[in-house]
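# Observations on chain architecture
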Amino acid sequence: MSPNFPKPHLKIPKILLLFFCISQIVAPGFAFELDESLTFIWPLPAEFSSGNETLSVDPSITLTVSGNGGNSVVVSEAFDRYKRVIFKRASGFSIFGKFRGRGSVYDISELTVIVHSESEELQLGVDESYSLTVAKRDAQSIVWEATIEANTVYGALRGLETFSQLCVFDYGTKSVQIYKAPWYIQDKPRFAYRGLLLDTSRHYLPTEVIKQIIESMSYAKLNVLHWHIIDEQSFPLEVPTYPNLWKGAYSKWERYTVEDAQEVVSFAKMRGINVMAEVDVPGHAESWGAGYPDLWPSSSCREPLDVSKNFTFDVISGILADIRKIFPFELFHLGGDEVNTDCWSSTPHVKKWLGDHSMTTKDAYQYFVLRAQEIAISQNWTPVNWEETFNNFAANLNPRTVVHNWLGPGVCPKVVANGFRCIFSNQGVWYLDHLDVHWDQVYTAEPLEGINDVSKQELVLGGQVCMWGETADTSAVQETIWPRAAAAAERLWSRREAISTGNITLTALPRLHYFRCLLNRRGVQAAPVTNKYARRPPRGPGSCYGQ
Amino acid sequence: MRKRKRKRKMEGALWLLVVVVLAVVLAPAESAGDVKIWPMPASVSSGNKRLHLSKDFELLTQGTGYNDASGILKDGFNRMLAVVNNGHVVDGNFSDKSSLLSGLHALQYGIDESYKLMVPSPENQAYAHLEANTVFGALHGLQTFSQLCHFNYKSRVIEVHMSPWTITDQPRFSYRGLLIDTSRHYLPLPVIKNVIDSMTYAKLNTSFVPDMVVINCCSYAQKRGINVMAELDVPGHALSWRVGYPALWPSNYCQQPLDVSNEFTFQVIDGILSDFSKIFKFKFVHLGGDKVNTSCWTDTPCISKWLKKHHMNESQAYQYFVLRAQNIALSHGYEIVNWEETFNNFGNKLGRKTVVHNWLRGGVAQQVVASGLRCIVSNQDKWYLDHLDTAWQEFYMNEPFANITNSKQQKLVIGGEVCMWDEHIDGSDIEQTIWPRAAAAAERLWTPYDKLANDASEVTGRLAYFRCLLNQRGVAAAPLSGPGRVAPF
């Protein structure tokens, strides 16, 4: 039995006891009440209005589709998925005899999804807008209807997520209800790129776990998984052209076959999520040499990759050609960060090569990055590079380059002033492995900070939270991601003015608590919101809605 | 009295025909030291051949009287297949079809949860062979089979290494429990279901869920061979469920234990147990009875008066309450589990069918069984998962038979349970607090005593492997090194 349960019947003077009793009765420990004036949809839709009626939802709700894209399997599979999420618990209570009587009528027994475009192409900037209406057919009607209308199947997915968040299990009636009907929602994302980075090199994450994370991303309407597959510690991915590369995996069980990676990509696509692969060169690549030691400058000095050998670029070419078949997303990340060139200057044959080509090590770094960019572009990819490349040789970067900020604030303003596109990931606020970053710091981080010119603002594609894996493996990764990634997700989806004014402790925090509990309900290991350090366990007993 | 049938008997022979294919490949010598199964089966022998499973791996049951009406076996087989494939895209094309292993043949054998697994079957090399007396024994056999299977990243096939295998297995204890506390933090159903799935991987068989009535979770667990024992902890620890019925409080400002003087109290207990009996089909119900501070009874005038009238002091009233609750539970066909305080205070008065649930310290089990009562071991210094400083080695070494040498008395120790009290646990961190330490206890409870390691360090490698297997199956099991649930360094 547990020794820690608080005992409320201590000996206390009577007058204090009275206060104690009152506080016991109203304390959140017993009945946590939500602020009904708030809208518990996360992230907050662009425009919405609600009423004050309560509707019941049929557990056998059916899908009706129309429009050119209505028959897409993306829609029908998502409908089945959300039906399971919504009605997870609404069965099996019959022994209590409280089932709704035969012949009883549910208010909502059908969901209509209209998709105008038949294209299932998923790329950056795909139209994710949708409208969701839960209302009576007309003013005289008593028949309620639920309708999602979108231009693309991916907009329909976002609408289904919102619909699922309107559906709440009511423990009294043991049925699923929609409160505050009628609902009229018009929604679209503020940024086209809303990302989460996963690092499978510092710790291998099983594909099953990657899929769980992708599924949870869809709940927060994130739309890009930045897969940092390979780094200096391990090379888990199969590359058929260079079959020894995945000898750099931690073990023979911590690997991804080509088919595994394809499965991740198609699983993500069914949820409207693009997968951006990263092959980080020339630094962060020591593990490549486990299979091909020639890629190291020498066996004692192993990073960055040997700039002097054509073989190095042959291997990069081979990797990119192989994985181009796996990752259809137009963006591809080439890394380029944290390059310490000491090995180049200290290894005789590389040093000689530098001299022969009249290059400094800094020149060689630029040469390497630009040559890798050309390979990516020749594979019909748009290169993304970490900000060091921009900081060092902005003028020579390919103009199509997307610059990925991480070192600090104020970088995207410089990037867009130079005409490049930018992704915001300032490590001070959006690195999830920084456990001391509190939810409100994540929430208030603004990708457009310091950029006032509208034409420049458009060059900020969006932002991304980064889950670096040094101290997060399967056991810890989800609670480190959630709920803080959700704070960034609302920043990236919702209208700036709607989420940047007022006291966020009153307007956003209760909603984030609610969303965190919703993640828990759906089986996602989201940590308490207000702990001083992220991913820590709760401080003591209490309602999920207050921690 | 309702007769509770704990195990579903398989009548006659059960045939599991699994189209498993195939090619026997000579593998590098793998020794018995490479057996990675957790918990270690009672008897294992293996060889050095390698088999491949067919892509069309399927279950056929022929020649058995067990009709699997509720699909327990079929579902269990499909789950086994899912964790074996583990999200990988599996290929099934082999050039060498000279020696196909194409099925699994099962017969009746042994009792309860025992099973016998042979891969391949000696009678027909094209089949694997699984014998079990109950469908729940078959589920354990499928679990073991799943742990023999490995995805080969190069050939994209599922392999069984170290064939031929002959495994004869049965649990050492019939009660192998995990307590999940849902009152300090609410745990959503999907979270509980994930925990139940992970319990089957370690062959735990009882989840003990205090203060919670969720029928979905019960049938979900039962289909996986996991019994759900409910707790109704009376008279203390019942503060919250009385919010709906304040009359159960001694007074508004003195709220527990339950009002012993009020007949309504026992009517409510009767009503709850009546509802429980429709949901929780396990033969045991846990009636708590721990840590009763009875000062509210003496501080509340009407109860104090009632005590005087019935010539009871506080401890007599506590005993009266516990025994009356026991009788109510008996009337609903339950056998009773009580926390050890009831035994410590009035052990000789407890119903003889009472199972005493140890928790305060080690050494209690020997006193309980010496008095002829049954016991479940959960000494908090070794088997409380919320004690994060208790390392997995201590979980592994905690021996339920400590100082119990008489074999009749040993039989009264029905097993043990690791406890996941959740003051500091919620949906975000429960799995890593449970695993891998619960697995260490699971082997102690499953594997025959003489096959357990005398020094926990001998099993480090195998447990680390099992922890990675849990990770591969999507369970957030923590690293072995460091205290409980710590993130990797």
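Scoring rules and cut-offs
Residues numbered from 1 in each chain as written. Chains lettered and ligands numbered in written order. Predicted model: local features only at pLDDT ≥ 70, side-chain atom pairs only at ≥ 80, totals over all residues. Heavy atoms only, no water. Helix = DSSP H or I, 4+ residues; strand = E, 2+ residues; numbered from the N terminus. Contact = heavy atoms within 4.5 Å. Areas by Shrake-Rupley, 256 points an atom, 1.4 Å probe, with all protein chains shown as cover. Expected span 1.5 Å × (residues − 1). Buried < 20%, exposed > 50% of the residue type's maximum accessible area, 1.4 Å probe, protein only. UniProt positions renumbered as here; feature names shortened; annotations may be inferred. Core = buried A, V, L, I, M, F, W, Y, C linked by side-chain atoms within 4.5 Å. Disulfide = S-S within 2.5 Å. Pairing = 2+ DSSP bridges. Axes fitted to C-alpha atoms, helices over the stretch in contact; angles between N-to-C directions. Right-handed = clockwise from strand over helix to strand, strands pointing away. Polar contact = N/O pair within 3.5 Å; in protein donor to acceptor, adjacent residues only side chain to side chain. Domains from an automatic or database assignment. Buried area = accessible area lost by both parts, 1.4 Å probe. Salt bridge = Lys/Arg side-chain N within 4 Å of Asp/Glu carboxyl O. Left-handed = near helix turned anticlockwise from the far one by under 90°. Nonpolar A, V, L, I, M, F, W, Y, C, P; charged D, E, K, R; others polar.

Turning our eyes to something else, we now look at the overall build of chain B. For chain B, the count of helices and strands is 16 helices and 19 strands. At a minimum sequence separation of 6, the contacts of chain B that also span at least 24 residues come to 72%. In the form shown here, chain B has an accessible surface area of approximately 17,200 Å², with 52% of it arising from carbon and sulfur atoms.

Note: α-helices contain 3.6 residues per turn, so residues at a spacing of three or four share the same orientation. Residues and elements named next belong to chain A. Between its first and last C-alpha atoms helix α4 (residues 207-219) spans 19 Å; for 13 residues at 1.5 Å apiece the expected length is 18 Å, and the two agree. Among the 13 residues that make up α4, eleven are buried, leaving the element largely enclosed by the rest of the structure. The set of residues buried in α4 consists of Thr207, Val209, Ile210, Lys211, Ile213, Ile214, Glu215, Ser216, Met217, Ser218 and Tyr219. In the segment just after α4, lysine 221 is the residue with positive phi, at about 60°.

For the rest of this paragraph, the subject is the UniProt feature "domain: Glycoside hydrolase family 20 catalytic" (unreviewed entry) in chain B. Within this numbering scheme, the UniProt entry marks residues 173-206 and 216-448 of chain B as carrying the feature "domain: Glycoside hydrolase family 20 catalytic" (unreviewed entry). As annotated, residues 173-206 of chain B comprises 38% helix and 21% strand, and the C-alpha atoms at either end are separated by 11 Å.

Taking the numbering used here, the UniProt-annotated feature "domain: Glycoside hydrolase family 20 catalytic" (unreviewed entry) corresponds to residues 191-495 of chain A. This span, residues 191-495 of chain A, is 38% helix and 13% strand, and a straight line between its end C-alpha atoms measures 10 Å.

Time to look at the nonpolar core. Counting residues in hydrophobic clusters, the biggest one holds 152 residues, and the most contacted among them are Trp288, Ile319, Ile323, Phe327, Ile481 and Trp482 of chain A. Looking at this core element by element, the count peaks at eight residues for helix α9 (residues 361-378) of chain A. Those residues in contact with isoleucine 319 of chain A that lie beyond four places of it in its chain are Phe235, Val239, Leu245, Val279 and Trp288 of chain A. Within the second largest apolar cluster, 95 residues are counted, among which are Ile192, Ile196, Leu232 and Leu452 of chain B.

Attention now moves to the state of the cysteines. Applying the stated criterion to the full structure yields three disulfides over all chains. Here cysteine 301 of chain A engages in a disulfide with cysteine 343 of chain A; their sulfurs sit 1.9 Å apart. The chirality of the disulfide connecting cysteine 301 of chain A with cysteine 343 of chain A is left-handed, given an S-S dihedral of about -95°. Taken together, the residues cysteine 301 of chain A in the loop between β11 (274-278) and α6 (310-324) and cysteine 343 of chain A in helix α7 (residues 342-346) connect sequence positions 42 residues apart. With respect to class, cysteine 301 of chain A is no different from cysteine 343 of chain A; both count as buried. Across a sulfur-sulfur distance of 2.0 Å, cysteine 412 of chain A and cysteine 422 of chain A are joined as a disulfide pair. One disulfide, between cysteine 412 of chain A and cysteine 422 of chain A, carries an S-S torsion of -70° and so falls in the left-handed class. Highlighted residues: cysteine 412 of chain A in helix α11 (residues 411-417) and cysteine 422 of chain A in strand β15 (residues 421-424), separated in sequence by ten residues. Counting only the cysteines that take part in disulfides, in the order they occur along chain A, gives the pairing 1-2, 3-4, 5-6. Cysteine cysteine 466 of chain A is unpaired, with the sulfur of cysteine 412 of chain A as its nearest cysteine sulfur at 12 Å. Counting only cysteine sulfurs, cysteine 149 of chain B is the nearest neighbor of cysteine 468 of chain B, a cysteine outside any disulfide, at a range of 18 Å. For cysteine 468 of chain B, a relative accessible area of 35% puts it in the partly exposed group.

Next up on the list: the pairing of strand β9 (residues 149-152) of chain B. Note on strand geometry: in a regular strand, side chains alternate between the two faces of the sheet. Residues and elements named next belong to chain B. Alternating residues of β9 divide into Cys149 and Phe151 and His150 and Asn152, and every residue in both groups is buried. Sheet analysis places β9 next to strand β10 (residues 157-163), joined by four bridges and oriented antiparallel. When the sheet's bridge partners are listed, cysteine 149 is paired in β10 with valine 160. Counted along the chain from β9 to the antiparallel partner β10, the turn is four residues long, and its residue arginine 156 has a positive phi close to 60°.

Let us look at the sheet that holds strand β5 (residues 144-150) of chain A. Residues and elements named next belong to chain A. Read from one edge of the open sheet, eight strands run β1-β8-β4-β5-β3-β2-β7-β6, paired in mixed fashion. Taken across any chain shown, the strands that pair with only one partner, and hence form the sheet edges, are β1 (47-49) and β6 (167-170). Put simply, the sheet's adjacent strands are angled 30° from each other on average, direction ignored. As paired strands, β1 and strand β8 (residues 183-187) are joined by three bridges and run antiparallel to one another. Across the sheet, residue phenylalanine 48 finds its bridge partner in β8, namely isoleucine 185.

The next point concerns the pairing of strand β16 (residues 335-339) of chain B. Residues and elements named next belong to chain B. Counting buried positions over the five residues of β16 gives five, a clear majority of the element. Here β16 shows two buried faces, one formed by Glu335, Val337 and Trp339 and the other by Ile336 and Asn338. As paired elements, strand β15 (residues 284-286) and β16 share three bridges and run parallel to each other. Note that in β16 the partner of valine 285 across the bridge is isoleucine 336. Chirality of the crossover, the property in question, places the unit of β16, helix α9 (residues 340-346) and strand β17 (residues 355-357) among those that are right-handed.

Bringing helix α2 (residues 73-86) of chain A into the picture now. All names here are of chain A. Taking 1.5 Å of rise per residue, the 14 residues of α2 would be expected to cover 20 Å, and the 20 Å separating its terminal C-alpha atoms lies within 8% of that figure. Where α2 is concerned, the buried positions are Val74, Val75, Ala78, Phe79, Arg81, Tyr82, Val85 and Ile86. On its buried face, α2 sits against β2 (53-66), β3 (108-115), α3 (153-166), β6, β7 (175-181) and α4. Two or three places before valine 74, at the opening of α2, serine 72 has a side-chain oxygen 2.9 Å from that residue's backbone nitrogen.

All right, on to the environment of lysine 74 of chain B then. All names here are of chain B. Along the chain, lysine 74 turns up in helix α1 (residues 72-85). What makes lysine 74 partly exposed here is its relative accessible area of 36%. Separated by 15 residues in sequence, lysine 74 and leucine 59 place their C-alpha atoms 7.3 Å apart.

On to the domain arrangement of chain B, then. All names here are of chain B. Each assigned domain of chain B is listed here: domain 1 (9-169) and domain 2 (175-472). Across the contact, 26 residues belong to domain 1 and 27 residues belong to domain 2. At the boundary of domain 1 with domain 2, total buried surface from both sides reaches about 2,300 Å², with 56% on carbon and sulfur atoms. Among the residues of domain 1 in contact with domain 2, Trp38, Pro39 and Met40 are the three that bury the most area, contributing 33% of the side total. Across the contact surface, domain 1 and domain 2 share two salt bridges. In this structure, the salt-bridge partner of lysine 223 is aspartate 75, at a minimum N-O distance of 2.7 Å. Broken down by secondary-structure element, the contributors of at least two residues to the side of domain 1 that touches domain 2 are β3 (43-45), α1 and α2 (135-148).

With that out of the way, let us pick up the packing of α6 of chain A against α9 of chain A. Residue and element names in this part refer to chain A. Orientation of α6 relative to α9, taken along the N-to-C sense of each, is 35°, at an axis distance of 10 Å. Where α6 crosses over α9, the handedness of that crossing is right-handed. Judged by residue contacts, Asn310, Thr312, Phe313, Ile316, Ser317 and Leu320 of α6 engage Tyr367, Phe368, Arg371, Ile375 and Ala376 from α9. Broken down by class, the residue content of the contact of α6 with α9 amounts to seven nonpolar, three polar and one charged.

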